[in-house]
Amino acid sequence: MKTRAALAFAPNKPLEIHEVDLEGPRAGEVLVEIMATGVCHTDSYTLDGKDSEGIFPSILGHEGAGIVREVGEGVTSVKPGDHVIPLYTPECRQCKSCLSQKTNLCTSIRSTQGQGLMPDGTSRFSLNGEKIHHYMGCSTFSNFTVMPEIALAKIREDAPFDKVCYIGCGVTTGVGAVIFTAGVEPGANVAVFGLGGIGLNVIQAARMVGADKIIGIDITPSKRAHAEKFGMTDFINPNEIGMDKVVEAILDISGGGADYSFDCTGNVNVMRQALECCHRGWGESIIIGVAEAGQEISTRPFQLVTGRVWKGSAFGGARGRTDVPKIVDWYMDGKIDIDSLITHKMPLDDINTAFDLMHAGESIRSVVEF
Ligand code: NAD
Ligand code: AHE
Ligand code: ZN
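Residues numbered from 1 in each chain as written. Chains lettered and ligands numbered in written order. Predicted model: local features only at pLDDT ≥ 70, side-chain atom pairs only at ≥ 80, totals over all residues.

(A) Helix 6 (residues 199–208), seen in detail. The buried fraction of helix 6 amounts to eight of the 10 residues, a majority that puts the element mostly inside the structure. Residues of helix 6 that are buried include every one of Gly 199, Leu 200, Asn 201, Val 202, Ile 203, Gln 204, Ala 205 and Ala 206, and no others. Against helix 5 (170–182), strand 10 (190–193), strand 11 (214–217), helix 7 (223–229) and strand 13 (260–263) lie the buried residues of helix 6. Residue Gly 210 follows helix 6 closely and has a positive phi angle near 90°. (Buried ≥ 20, exposed ≤ 12 C-beta atoms within 10 Å, placed from the backbone. Helix = DSSP H or I, 4+ residues; strand = E, 2+ residues; numbered from the N terminus. Contact = placed C-beta atoms within 7 Å.)

Laid out in structure tokens, this is it:
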């Protein structure tokens, strides 16, 4: 079949809209009509050539929601008409990682996914006979895509696609990092670096679990009002107080250091501040931000010797097929706010505007509707 999609032909070039060829689902695969997709900073990071796994030409996008249109041989967990959220972190429930119950990082198809291919090592997308790569196993910047069955979360049918697509990455990443990865407890003091599409979800989850101080740090002043609405109690702009004063300011506000901190910037210097603002003896810093290829983190080992903990979180530690439908319920029950984080909507033809708005710091999330 043919499908309209935004193609990334080369790093740092705008996406181009084309009618591409899409092969139908093979065994264990599912054809999904994408109804809406968010644009995450990770799409921009890959398009900007910063991703060591970035492959071109490809169809980016990993934050979608849609409807199952056809299933391949052997597919049993979804059927045509089901509403689904594609998962860049699948949940096969059979691999060593899934069975361990210690991680959400299912390993069953990670290697082909990183090569921009389906689990059988081939691509379903092509243009004029040339192979086009998949991205993060999702390629939601296409009106139709083919997904492995294990990478689809079945969701309730009354959930609006233009909102719950954001649960495909940003909402689950931020909310999950607080609940699943850190396990923030009531009364904890929390510091959140980067108040964008991920950081604001960390803030709303910190408020939801009853955190005390919720300190937000961002270099873009306009993010302050959004963060206050979501529960931030204190704001620090490093450009106003000086980068070298940020840690000290957090220690002051929190009375000795954050119990939990979260990096939602992808900047390795910020990651160091996020660790070092943690409370001596127990403070935990969770790295969510994705750093450019070749970047490394550093700190004095003494920071760890004296009890601070460095952790990372992918997709919020959520097990997609199990947890995503629950997060959709939280949204539908009014426990989490998604609507006010979606600041812009556009058709696929205007998708490059979403990247411009993100870079200008003008959007929280842009959603493309097909
Ligand atoms: P975003 O562009 O919406 O937000 C980033 C925010 O960081 C902006 O508000 C920006 O002003 C702020 N910022 C930038 N530099 C800063 C600095 N030096 N100090 C303080 N604030 C600074 O991006 P997003 O969609 O929220 O994504 C945030 C990061 O999380 C990205 O690196 C993205 O790739 C990553 N991410 C990781 C996962 C995961 O599973 N680990 C999932 C989604 C996104
Ligand atoms: N490809 C990069 C790593 C990118 C990365 O860390 N991705 C996150 C999700 S970001 C979503 O917006 C993730 O899930 N990581 C775990 C994984 O298995 O990819 C690189 O450095 O090569
Ligand atoms: Zn993302």
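(B) View of the nonpolar core. In terms of nonpolar packing, the biggest core is built from 103 residues, with Val 164, Val 190, Ala 191, Val 192, Val 202 and Phe 262 touching the most fellow members. Summarising the domain contributions, this core has at least three residues from each of domain 1 (2–168 + 338–369) and domain 2 (174–314). (Core = buried A, V, L, I, M, F, W, Y, C linked by C-beta atoms within 7 Å. Domains from an automatic or database assignment.)

(C) Region of the structure containing the domain arrangement of the chain. Each assigned domain of the chain is listed here: domain 1 (2–168 + 338–369) and domain 2 (174–314). A C-alpha centroid distance of 28 Å is found between domain 1 and domain 2. Listed per partner, the contact involves 14 residues of domain 1 and 11 residues of domain 2. The dominant element in the side of domain 1 that touches domain 2, judged by the number of residues it contributes, is helix 1 (residues 41–47), at three residues. The class makeup of the residues in the side of domain 1 that touches domain 2 is five nonpolar, six polar and three charged. (Nonpolar A, V, L, I, M, F, W, Y, C, P; charged D, E, K, R; others polar.)

(D) Structural detail: the site of ligand 1. Close contacts around ligand 1 come from 33 residues, with His 41, Gly 194, Gly 196, Ile 198 and Gly 266 the closest. Residues belonging to the shell around ligand 1 are distributed by class as follows: 16 nonpolar, 15 polar and two charged. Each of two domains, domain 1 (2–168 + 338–369) and domain 2 (174–314), supplies a minimum of three residues to the shell around ligand 1. (Near = placed C-beta within 6 Å.)

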